[in-house]
Each structure stands twice: as C-alpha cells, then as structure tokens.
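# Secondary and tertiary structure notes
This is what each chain is made of:
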Amino acid sequence: MWNWQRAIVVIVVIVPCLIAGAELATRDWWQKAAFYQIYPRSFMDSDGDGVGDLNGITSKLPYLKSIGVKAFWMSPIYKSPMVDFGYDISDFRDIHEEFGTMADFDRLVEQAKALDLKVIMDFVPNHSSNKHEWFIKSENRVAGYEDYYVWHDGKTNPAGGRNLPPNNWIQAFRGSAWEWSETRQQYYLHQFTVEQPDLNYRNPTVVQEMKDILTFWLDKGVDGFRIDAVPTLYEDEELRDEPPSGLTEDTEDTTYLSHVYTQDLPETVEMVYQWRVLVDAYQTELGGDTRLMMTEAYSSLDVLKTYYQSTTGELGSHMPFNFRIITELNAQSVASDYVKVVEDWMNILPAGQVPNWVMGNHDRSRVGSRMGVNRIDALNMILLSLSGASVTYQGEEIGMTDVEISWKDTVDPAACNAGEELYAGKSRDPCRTPFQWDSTSMAGFTNGSKTWLPVGPLYQEVNVQVQEEAEKSHLKVYRAMTELRKTKTFQLGSVKAVALKDTVLAVVRELANYNTYITLANLGDQLEVISAAALADSLPSKLYFDVVSVGSHNIRGSAVATKDIVLLPNEAFVLKAHVAPFEKLYSSICDVWLQ
C-alpha cells in the first residue's frame, strides 16, 4: 500500500480507535463484572457432613468460570458459634472448622486466581460473637477492652430492682436491643441477636482493630470485601428513644420504630471513606488490580448516594449495593415500575461512577418465588442487560425457588425468635437450602445422608446437570447473557429502560459504531405485539434474535421485522441491530487495534 494510503487509514480509522480506547480505559474489572454470591453452608459439601465447605467451593470454581461470572463473594466463613450462621464471629482471623482450614482457604484463593476469578470476603464490622475474647475481656473490664462494646448502666427502675434498658431500641430479630450482663452489671447493645454484641466505633482502638483485620485478609490474597450491615455501625451518643414508625402495632418488631438514632448516622459513612483509603493505599503500595469494597445498606437513595463519595470528593464504596429490584418490585409490578427503579439509581450516580444491580441474596425470597417462575429468564435477562455490575445469588441462574421449611426444621434466628405462629413470614431458611447440582440423592450437594437444611423437592428437574444437557434451559440463557456482557456495547454503551406497554419492558444498549442490543420482556400473561422502531437511532428494518428465553418459539440468529415484534406471555429475548458495513469494519479494526 502506498504511504499516502496508509496515512489515510491511520487518520480515518486508527485515530478514532485511539479515542474510543480512551473511553475503554475508564472501565475497571469490577465495573463490567458479573458477581456471584455463595452461601458457603449450602453451595457444595466435600466431606459428607451435610454442610457446605471451602473445598466444596474450590471443586466448583470451574462451574463459576463456565457461567461467565468474574468474581464471587462468600457469606462469612470465620470461626463462629453459628448462632446466626457465621455472622456471629468469635475470631475474625480464622476459619470455622465446618468450612475447613486456613490451608483450604489458601488453596481456594490460589485456584480462583488460576481461573482469573476474584475472591470477595464478607466483612462483618458491626458486631462480634459474645464468645469472642474481646467481649469476654470487655465484660470482665479487662484493661484496654472496657469500651470495646456499647455498655450502659440503664435507667432507674421506678419499681425498684435491676435497672431498665437505657431506651426503647429494638433489635432486628425482635425484642429489646439491650441485654443485661450479670458479670459486668450493665446492659450491652446488640442490634441483632443477644449473642452479637455491637462493637463501639467511638473507640479508636476498635476502629484500628477492624482496619487491621481488613489488611490481614488482603495479605491473604482476597480481592475485596462485601461489608455487612453498614448502617448500624454508629448509634446516637445520647441514646435517645426512637419514634414509632406507624407501620405496625407490634412493639417487639423492629419495624415498630423509625431507626433515626441507630442507623445511617453521618459517622457511618465517614467510616466507609476510611476503609476506602485503606484498600486504595494497599493497592498503591503493592500493585495489582483494584481491591473492591461493596457495602450492604437498605437505606434511602439520598443516603446511598453518599456511600459513593462525599460532597468534597472523598471516595467511599465502589459498589453501594443497589437492592431496588428486591425492595421496589414484586409480581404485580408493571413495566413503568422497572423503568423507575433504573432511572432512580442512574439519577443518584456521581460522575465517573457505575451502577450495580442486585437481584437476590441469602436474606430475601428467591426471584422465581418472589416474581413468578414464568419470569425467571426475563428477570435474569433484565439484570444482565443493565449497565455496570450485576450480582446473582447462587441458584438463581438455574431458577431455584424457595423451599417450604417446617417449624421443626427452622434454624434461622429471625424465625426462631418470631415463634411458631410468625416464623413462616420471618424465616430466611427457604432461600438458603442446598444448591441443586444433579438428580442424584441430596441433589449432588453431599455424599452424606443428611443436609443442614432440607433439599428442595424439585431438585430432580431443577439442577445444573439437567440444564446443561437440555436444549434450552435457564442456565443456558444465563450463560448466553454473560457472553453478551463481554461485548463493547454492554460494557461501554448507554443504557435506557422503556415501558412500551404496562407489561412490556425494553432495555436498550447503544454504543456508536457497535451493534445495538434491545432486551424485550413481556411481564404479563397475554400475547403482546410491539414496534421497536423508536427505541434507538436509525434501527434497520430487521433485528436478529441473540438470546431467547426458555419458553420462546424464536430461534437464535433468526430475523424479525423491527416494527412488528410478537411477545408470548412471559417471553423475553435480546434483539441485535447490526451496524452498517463500514461501521462494522471500523469496529472490527478498533477491536484488533485496542487489544
């Protein structure tokens, strides 16, 4: 080729590619990742005791790789009396024996790194177990530990006798948030079970202690932390009574009060900023990929916005978990409700930040049970079509549903504290049952004869093996969607949610010079006919099916007229609009140049 022709190629094609590459460089690994939550007790049991463990997780890492997730976070695996199944921690620097050993953990991290999977630990900063040596020393007033927890004499009892609790605060699992210690002759605060005393973050020693724990696990090779129950870190120093919420007349229920003095205090967000400084400094010093912070807070949008960063630019959580799909949507929600959920979150995003979308977790009813089994594919497709990071709870990719747990089998403290009459509405056990791997005994979860929670009755038809072998399955839809997330359009493109009808939702992903993708989901029980012509700029007259739900009659790769699209009841699919020939050549050259 003549030199002047080469120059034209550089000017016309390569220079714009370099400009596009500048945008590409702004997407860190976590900003485009599919995350996966593992509940270790229920994922895979390697030793036959009926409880999942670290070696079980390690054995299934190739599965995680195969379904396209980039990172997984594990619910707590620390040493614990297991009152709240790992969230009551007796040693923040050791592994609970049911899950294995520290050597098992090291092997898990090593195998994950070999597969290019990121390991996220669950960090539980608000409280410890009452069996932790810190609490035992604090209860006995050992020097240096007196103020590790929140202690108070209580209020004088007008009737005489032992003092009354300091105020009216209610714990998350019913009843007073204060417990009397005969040993210390004071009350201690516990916003969760009595066995989970709250740490005192107004004590600088406690603050540093918890920072040292973060560093300990970073040194072990973890890639970040999901930080539990962040809003409860700080409480009102005056210990003022909280006002009634008006939501219930049950004075034992946590929703009876508005938690204005025990949740979302300004100091809490400041603590998140301090942790961000720590993980950023660690990366600066030791290099490697970004160490991630994900925070759990069911707070208002105004509060959640501050978790990203302060008004003066201090950085906080990389991913303040977006639970709006869980809290704001249900089986009766219409398409405009979904649009509002998307737009509300996008509107609070500070410049330079990316959104995240959480479909379910170990505390909430499963997607199929919550939203309808006919919508499992549609919901997964919506989740994975949205921009930024996605979070999937184990089993949602195969469409597992809640399992009915009898009062006899209930082990969740939230249910046990509620009592037999109320337990069914309080228990988190139904979404925590063992993962369903195959059709053999105990769903392939264990080679033992018993599991810590009952295996779901549908395990022979809803499991990984069956869905791998089937021509169409929830698992294959999920995998096809994670493949789409590798495209430039899904990683860098704009996102727009549109309600075409009450029951038809569209998620549009566009990026100049790359294919446009339109996810359509019929959330209703009636056939719908729609036009997609106005959803994106310059759409061609035909679109092509790229991913289709299990119940769809459409074939991947086949075409449909843009102005005449039929959706069966509860059907969902992703349509692709091919770029023009020159633009396709341009994007192909860019892809090669930017690699």
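Anyway, here's the lowdown on the structure attached to this text. For every chain, the first residue of the written sequence is number 1, and numbering continues from 1 onward in sequence order. Since the coordinates come from a predicted model, pLDDT governs what is reported: local features require at least 70, and pairs of side-chain atoms require 80 or more to be given and counted, while whole-chain, interface and lining totals use all residues. With hydrogens and water set aside, each side-chain value is computed from the structure's full complement of heavy atoms.

So, about the sheet that holds strand E16 (residues 516-522). Paired strands, as defined in this entry, are two strands with at least two bridges between them according to DSSP. Runs of E in the DSSP output that reach at least two residues are strands. Runs of H or I that reach at least four are helices, and both are numbered from the N terminus. Strand order in the open sheet made by the six strands is E14-E15-E16-E21-E18-E19, with antiparallel pairing throughout. Where the open sheet ends on each side, the last strands, each with one partner, are strand E14 (494-499) and strand E19 (559-561). Mean inter-strand twist for the sheet, computed between neighbouring axes without regard to direction, equals 30°. Where strand E18 (residues 542-548) and E19 come together, three bridges link them in antiparallel fashion. Within E19, the residue paired with Lys-542 across the bridge is Ala-561. Whether two residues are in contact is decided by their heavy atoms: any pair within 4.5 Å suffices. Where helices are involved, their axes are fitted lines through C-alpha atoms of the stretch in contact, as for all axes, and angles between N-to-C directions lie from 0 to 180°. The strands touched by helix H10 (residues 335-348) are E14 and strand E15 (504-510); relative to E14, the strand with the most contacts, the crossing angle is about 150°.

On to the packing of helix H12 (residues 376-385) against helix H16 (residues 474-484). Contact pair H12 / H16: the axes reach a minimum separation of 10 Å and the direction vectors enclose 15°. Classified by the interaxial angle, the pair formed by H12 and H16 is roughly parallel. Handedness of the H12/H16 crossing: right-handed. Mapping the contact onto sequence places Ile-376, Asp-377, Asn-380, Met-381, Leu-384 and Ser-385 in H12 and His-474, Val-477, Tyr-478, Met-481 and Thr-482 in H16. In the scheme used here, Gly and all other residues not listed as nonpolar or charged are polar, with Ala, Val, Leu, Ile, Met, Phe, Trp, Tyr, Cys and Pro taken as nonpolar and Asp, Glu, Lys and Arg as charged. Grouping the amino acids of the contact of H12 with H16 by side-chain chemistry returns six nonpolar, four polar and one charged. Our angle categories are set so that under 35 degrees counts as roughly parallel, over 145 as roughly antiparallel, 65 to 115 as roughly perpendicular, and the remainder as oblique. Take the far helix as the reference: if the near one is turned anticlockwise from it by less than a right angle, the crossing is left-handed, and if turned clockwise, right-handed.

You can see Lys-496 is positioned in strand E14. Three exposure classes are used, based on accessible area relative to the maximum for each residue type with a 1.4 Å probe and protein chains only: buried under 20%, partly exposed in between, and exposed over 50%. The partly exposed category is assigned to Lys-496, whose relative accessible area is 35%. Linking Lys-496 and Ala-536, residues 40 residues apart in sequence, is a C-alpha distance of 9.5 Å. Among all residues touching Lys-496, those that are not within four sequence positions of it are Ala-506, Val-507, Val-508, Glu-510 and Leu-535.

On to the layout of surface pockets. Buried and open spaces are told apart on a 1 Å grid over the protein atoms alone, a cavity being a set of points where a 1.4 Å probe fits but cannot get out and a pocket being an open set with protein on both sides within 12 Å along at least five of seven lines. Residues with an atom within 4 Å of a point are the lining residues. Grid points are joined across faces, edges and corners, and a volume is the space filled by probe spheres set on the points. Each pocket or cavity is described by its volume, and for the largest pocket that value is around 1400 Å³. Residue lining of the largest pocket: 46 residues in total, with Ala-172, Phe-192, Thr-254, Tyr-298 and Arg-364 positioned closest to the centre. Residue assignment for the lining of the largest pocket shows that the elements contributing at least two residues are helix H9 (324-328) and helix H14 (423-426). Each residue belonging to the lining of the largest pocket can be placed in one class, and the counts come to 17 nonpolar, 17 polar and twelve charged. Estimated volume of the second largest pocket: approximately 370 Å³.

On to helix H4 (residues 102-114). How far a helix is expected to stretch is found by multiplying one less than its residue total by 1.5 Å. Here H4 contains 13 residues, and its C-alpha end-to-end distance of 18 Å stays within 8% of the 18 Å for a straight helix at 1.5 Å per residue. What H4 keeps buried is the set Met-102, Asp-104, Phe-105, Leu-108, Val-109 and Ala-112. Projected down its long axis, H4 shows its buried positions confined to an angular sector of 155°, all on one face. Among the exposed residues of H4, those pointing more than 90 degrees away from its buried face are Glu-110 and Ala-114. Check the buried side of H4 and you find it contacts helix H2 (54-59), helix H3 (61-66), strand E2 (71-74), strand E4 (91-95), strand E5 (118-123) and helix H6 (204-219). The first or second residue beyond H4 is Asp-116, which carries a positive phi of 60°. An arc is given here, and it is the one of the directions from the helix axis to the C-beta atoms.

Between rings of Phe, Tyr and Trp, where Trp is taken as its six-membered ring, a pair exists when centres lie within 6.5 Å; planes separated by under 30 degrees are stacked, by over 60 edge-to-face, and by other angles tilted. Within the structure shown, the criterion is met by 34 aromatic pairs. Look at Trp-169 and Trp-178: their rings are 5.9 Å apart centre to centre, the planes differ by 25°, and that puts the pair in the stacked class. Taken as a pair, Trp-169 and Trp-178 share a single burial class, namely buried. Between Phe-490 and Tyr-517 the ring centres are 5.2 Å apart and the planes differ by 65°, which places this aromatic pair in the edge-to-face class. With Phe-490 in helix H17 (residues 488-492) and Tyr-517 in strand E16, this pair connects stretches of sequence that are 27 residues apart. For the pair Phe-490 and Tyr-517, a shared accessibility class is recorded, and that class is buried. Ring pairing ties together the aromatic residues Tyr-78, Phe-92, Phe-105, Trp-134, Tyr-145, Tyr-148, Phe-216 and Trp-217, which thus form one cluster. The ring of Phe-490 has Arg-509 sitting right over it, with the charged end atom 5.4 Å from the ring centre. For a lysine, the NZ atom is tested; for an arginine, the CZ atom; a charge sits over a ring if that atom is within 6 Å of the ring centre and within 35 degrees of the ring normal.

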